[in-house]
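Results of the structural survey
Next come the chains, spelled out residue by residue.
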Number of protein chains: 2
Amino acid sequence: MKTAENKSRALGLRFTKTRRKVLEILWQSHSPLGAYDILDRLQEDSRRPAPMVVYRALDFLIEAGLAHRLSSRNAFIGCSAPEGDHEAQFLICNHCGSAAEVEARPIAKAVEETAASAGFHVHQRVVEITGVCPNCQS
Amino acid sequence: MKTAENKSRALGLRFTKTRRKVLEILWQSHSPLGAYDILDRLQEDSRRPAPMVVYRALDFLIEAGLAHRLSSRNAFIGCSAPEGDHEAQFLICNHCGSAAEVEARPIAKAVEETAASAGFHVHQRVVEITGVCPNCQS
DNA sequence: ATATGTTCTGTTATATCATAACATTTTAAT
DNA sequence: ATTAAAATGTTATGATATAACAGAACATAT
């Protein structure tokens with residue numbers, strides 16, 4: 001949370017109540033949450049906000065590097081290593097729904113080199129591997 | 001198209017009119033298409049089918065390795081190298097919207113190794129790099 | 001302390017993407 | 001011809017996401 005406040009300030013933005021709450025919800029969840037799941041959990045505190053509220057908070061959190069979007073699931077997850085910059089990949093279990101954030105340098109490196117050799121200027125990287133996690137293989 | 005027929009037969013499935021037409025539409029497009037874009041183009045031939053029709057055709061084409069889904073865009077693209085199996089990655093231009101399918105062995109290898117060392121059993125790989133393509137950099 | 005510009009929130013409405021469920025038809029193989 | 005599997009047609013609905021605009025909270029400069 002301290003990190004979150006610092007990162008917000010570094011962007012000249014505010015770490016407001018809704019944003020904090022959404023981040024808490026993400027961090028408390030063991031698996032990625034859809035935007036409407038987050039809405040459901042916000043509801044427990046106050047009256048159910050409009051979807052925009054959540055999407056705006058998520059935009060902010062992603063922008064600040066505090067959360068990630070899992071494109072292949074239309075879901076969101078709190079960043080597990082928010083300090084500093086990093087380029088994350090995800091291992092998403094089809095059985096238990098968990099998503100492990102990894103920072104695999106070899107993948108990042110291969111992506112950079114592939115893009116470079118194609119003359120492609122990279123903005124964002126989406127690397128999502130789905131399958132079965134170790135816990136679910138027995 | 002010959003490849004498409006062969007792959008269909010290999011799966012014990014049929015390469016029907018709708019499926020063929022959807023694949024033609026994908027192959028004719030220079031950039032990924034949303035499911036409803038495909039519907040619009042089908043409409044030109046006959047009366048606009050229900051969305052299910054397109055989603056079913058897409059499911060089939062993806063299953064057969066004739067098309068790919070771009071998760072980060074909710075869009076679909078014809079496979080540019082449908083012969084044989086392959087593990088594709090995509091370079092998606094934010095400026096012109098084009099999506100280049102590449103087969104980068106180093107990325108594939110790094111992904112396999114990362115998953116293996118995490119004890120993760122891989123089903124699917126989503127690697128989508130967004131940015132600016134060479135043509136759009138001038 | 002107040003004026004000002006920016007950030008953030010609240011709210012309504014709507015756009016966009018995707019699937020459930022079930023009846024019917026086509027096809028291939030006997 | 002019979003049959004089982006594959007494929008289609010159709011209606012309805014679910015799930016995800018954004019547009020647009022009014023107003024409130026906040027920072028900071030005078």
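Refer to the structure presented above.
What this report covers is the structure whose coordinates are included nearby. (Residues numbered from 1 in each chain as written. Chains lettered and ligands numbered in written order. Predicted model: local features only at pLDDT ≥ 70, side-chain atom pairs only at ≥ 80, totals over all residues. Heavy atoms only, no water.)

A few words on the interface of chain A and chain B. Facing the 32 residues of chain A at the interface are 32 residues of chain B. At the surface where chain A touches chain B, the tally comes to zero salt bridges. Connecting chain A to chain B are 12 residue pairs in polar contact (both at pLDDT 80 or more). Those elements that place two or more of their residues in the side of chain A that touches chain B are β3 (89–93), α5 (105–117) and β5 (121–132) of chain A. Of all the elements, β5 of chain A adds the most residues to the side of chain A that touches chain B, at 12 residues. Looking at the side of chain A that touches chain B, its residues break down into 18 nonpolar, 12 polar and two charged. Sheet topology places β5 of chain A next to strand β5 (residues 121–132) of chain B; 11 bridges connect them, and they run antiparallel. Residue pairing across strands places H121 of chain A opposite V132 of chain B, the latter belonging to β5 of chain B. (Contact = heavy atoms within 4.5 Å. Salt bridge = Lys/Arg side-chain N within 4 Å of Asp/Glu carboxyl O. Polar contact = N/O pair within 3.5 Å; in protein donor to acceptor, adjacent residues only side chain to side chain. Helix = DSSP H or I, 4+ residues; strand = E, 2+ residues; numbered from the N terminus. Nonpolar A, V, L, I, M, F, W, Y, C, P; charged D, E, K, R; others polar. Pairing = 2+ DSSP bridges.)

Of all hydrophobic cores here, the largest spans 29 residues; its most connected members are I107, F120 and I129 of chain A together with I107, F120 and I129 of chain B. Other than its neighbours up to four places away in sequence, F120 of chain A contacts A115 of chain A together with L91, I92, C93, I129, T130, G131, V132, C133, P134 and Q137 of chain B. (Core = buried A, V, L, I, M, F, W, Y, C linked by side-chain atoms within 4.5 Å. Buried < 20%, exposed > 50% of the residue type's maximum accessible area, 1.4 Å probe, protein only.)

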